[in-house]
Amino acid sequence: MFEKLSEYLVPIAGKLNNNRYLSVLRDAFMLSFPLTIFGSIFVVLTNLPFLNKLMSDAAINSFRDMFGIASSSTMGIMSVFVVFGIGYYLSKSYNVEAVFGGAIALVSFLILTPFVLQPEHGQAVTGVIPIDRLGAKGMFLGMITAFISAEIYRTIVHKNITIKMPPGVPPAVAKSFAALIPAIITLTVFLAINIFVTQVLKTNMHDVIYKAIQAPLVGLGSGIIPTLIAIFFIQILWFFGLHGQIIINSVMDPIWNTLQIENLNAYTHGQPIPHIISKPFMEIYTVGMGGTGMTLAVVLAILFFMKSKQMKQVGKLAIGPGIFNVNEPVIFGLPIVMNPLIMVPWILSPMIVTLVSYFAMKTGLVPPPTGVTVPWTVPIFINGIMATNSLAGGLLQLVNLAIVFVIWFPFLKVIDRVNVKKEQAENNAA
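Residue numbers here run from 1 along each chain, matching the order of that chain's written sequence. Under the rules for a predicted model, residues below a pLDDT of 70 receive no local features and side-chain atom pairs below 80 are neither given nor counted, while totals for whole chains, interfaces and linings still include all residues. Hydrogen atoms and water are omitted, and side-chain values are computed over all heavy atoms in the structure.

**Student:** Just give me the short version of the pattern of salt bridges, but keep the residues and values in it.
**Tutor:** When a carboxyl oxygen of Asp or Glu lies within 4 Å of a side-chain nitrogen of Lys or Arg, that pair is called a salt bridge. Tallied over the entire structure, the rule returns six salt bridges. Salt-bridge contacts for Asp253 lead to Lys279; the nearest nitrogen and oxygen are separated by 2.6 Å. Pair noted here: Asp253 is in helix α12 (residues 244–268) and Lys279 is in helix α13 (residues 279–284), with a separation of 26 residues, a long-range link. Taking relative accessible area as the criterion, Lys279 reaches 11% and is therefore assigned buried. Across the pair Lys279 and Glu283 runs a salt bridge whose closest N-O atoms are separated by 3.7 Å. Of this pair, Lys279 and Glu283 are both found in helix α13, four residues apart, which corresponds to roughly one turn of the helix. Beyond isolated ion pairs, a larger network of salt bridges with shared partners links Asp253, Lys279 and Glu283. Helix numbering and strand numbering both begin at the N terminus, where a helix is a DSSP run of H or I of at least 4 residues and a strand a DSSP run of E of at least 2. Here's how the labels work: a residue is buried when its accessible area is under 20% of the maximum for its type, exposed when over 50%, partly exposed in between, all with a 1.4 Å probe on protein chains only.

And the structure:
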């Protein structure tokens, strides 16, 4: 059975993992990671639950006004970083000047962006970009635009439709002139698209893409069933030794990141958080409990309840990294990879925990993640509190830890007994 599964899954996973566009998308989101961490820190600080006991309402508002720009200028315009990153990394993968690819992608996106602010009441203001167009609402248009613009740019460069300068010209000047014709052609294409959409269709590309593509995909990705399917494939790929997070997240990250930004926008404006499923939910309530598969409970069970010397050694090696959500020692040391005795709890426990977490938030027992980005190495309980801005978020993780422990324990005992018998036989033979 395992051979047949690997025969079908491994080639597919390999193609996904090596796909140029998915790799570029993953790298582009990672480009924005340190910036969103910076913004998230100040979102947490300006929304601490006990601020009203230390400061007056006026002082709190002033405090938030001073530091709110940290979030608006990072997470609030995340699409800008993603667009530049896609243009940069895709151009780099084709061995053309990457920085121009990123700049052209960003300008192409801005050409399609309406410079009109439509307030709920009053007259529209021209010359102003609504910040939501640079954040969650513009995410999918930004990605599509960046991929297309970078492809046009590199195609023109590869066809040598460029201005070539004499050898004595400084490299920076020569590169700028070389990018001139590709940039003009690429930007003209997007200018023509914008003219057609705005003048003929009387709308803008942001609204077209948002209504036709982004809203349906985000609505689908925020559901519990697609989330469980994604987790199932993450676990099954890891079982065969493939990095399930990299492969599946490359596909799902655009949706989960968009949901995260929408949550953050609502949270910072004092509105109800619209989504339970988001990027922080996936990280804090799966990876954030000891690594992929939530193996911190497994390591604790091994250390305190197993008798096998081999398993005890794995537990000692894995506990330190596991506290900080690094679990390769237990994945390859127990091992989990290609171990049929492990397959059931390995796949089942994260899916059950995800269901428990989802319904705990759905029923209001625990607030959903606010949208702040928490570094994935932050230990359990602390990261749950940070992600939800609530003690209940950390307590839910402890409940989930107990659930994983209960599911894994009988399977670990079976492995432990087998290992103990082998060790006794080896000692008797010696």
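Alright, that's what it looks like, and here's the rest.
**Student:** Explain helix α5 (residues 57–72) residue by residue, including any values.
**Tutor:** Helices are assigned an expected span. That span is 1.5 Å times one less than the residue count. Compared with the 22 Å implied by 1.5 Å per residue over 16 residues, the 21 Å span of α5 between its first and last C-alpha is a close match. To get the bend at a given residue, fit one axis to the seven residues ending there, fit another to the seven starting there, and take the angle between those axes. In the structure, α5 departs most strongly from a straight axis at Met66, where the bend amounts to approximately 40 degrees. Within the sequence span of α5, burial applies to Ile60, Phe63, Ala70 and Ser71. Throughout, a residue-residue contact means that at least one pair of heavy atoms, one from each residue, lies within 4.5 Å. At its buried positions, α5 is contacted by α3 (33–46), α4 (51–54) and α12.

**Student:** Outline the layout of surface pockets, supporting the account with residue identities and numerical values.
**Tutor:** When its volume is computed, the largest pocket comes out at roughly 890 Å³. Buriedness for pockets is judged along seven lines, at least five of which must meet protein on both sides within 12 Å for an open set on the 1 Å grid over protein atoms alone, while cavities are sets there where a 1.4 Å probe fits but cannot get out, and lining residues have an atom within 4 Å of a point. Along the wall of the largest pocket there are 32 residues; nearest its centre are Ile131, Asp132, Asn265, Thr268 and His269. Looking at the lining of the largest pocket, the elements with two or more residues in it are α3, α5, β1 (116–117) and α12. Element by element, the count of residues in the lining of the largest pocket is highest for α5, at seven residues. Taken as a whole, the second largest pocket encloses approximately 690 Å³ of empty space. Met30, Asn249, Lys279, Glu283 and Trp376 are the residues nearest the centre of the second largest pocket, which is lined by 30 residues in total. At the level of elements, α2 (20–31), α3, α12 and α13 are the ones that each hand at least two residues to the lining of the second largest pocket. Grid points are joined across faces, edges and corners, and a volume is the space filled by probe spheres set on the points.

**Student:** Outline the nonpolar core, listing residues and values.
**Tutor:** In a soluble, globular protein the nonpolar side chains are often hidden away together inside. Judged by nonpolar contacts, the single largest core of 100 residues is most densely connected at Ile86, Leu334, Trp346, Trp408 and Leu412. Leaving out residues up to four positions away in the same chain, Leu412 has contacts with Val298, Ala301, Ile302, Met306, Met311 and Leu334. We define a nonpolar core as any set of buried Ala, Val, Leu, Ile, Met, Phe, Trp, Tyr and Cys residues linked to one another through side-chain atoms lying within 4.5 Å.

**Student:** Tell me about the packing of helix α11 (residues 224–239) against helix α17 (residues 343–362), residues and numbers included.
**Tutor:** Helix-helix packing is described using two parameters, namely the angle between the two axes and the distance between the axes. Here an angle of 0 to 180 degrees is reported between the N-to-C directions of two axes, which are lines fitted to C-alpha atoms, with helices fitted over the stretch in contact. The N-to-C vectors of α11 and α17 enclose an angle of 155 degrees; their axes lie 10 Å apart at closest approach. Overall, the two elements α11 and α17 adopt an arrangement that is roughly antiparallel. Handedness of the α11/α17 crossing: right-handed. The residues of α17 that touch α11, namely those facing Ile224, Thr227, Leu228, Ile231, Phe232, Gln235, Ile236, Trp238 and Phe239, are Met343, Trp346, Ile347, Pro350, Met351, Thr354, Leu355 and Tyr358. Only Asp, Glu, Lys and Arg are considered charged in this grouping, and only Ala, Val, Leu, Ile, Met, Phe, Trp, Tyr, Cys and Pro are considered nonpolar; every other residue, Gly among them, is considered polar. Residues of the contact of α11 with α17, tallied by class, amount to 14 nonpolar, three polar and no charged. Our angle categories are set so that under 35 degrees counts as roughly parallel, over 145 as roughly antiparallel, 65 to 115 as roughly perpendicular, and the remainder as oblique. The hand of a helix crossing depends on one turn: near helix anticlockwise from the far one by less than a right angle means left-handed, and clockwise means right-handed.

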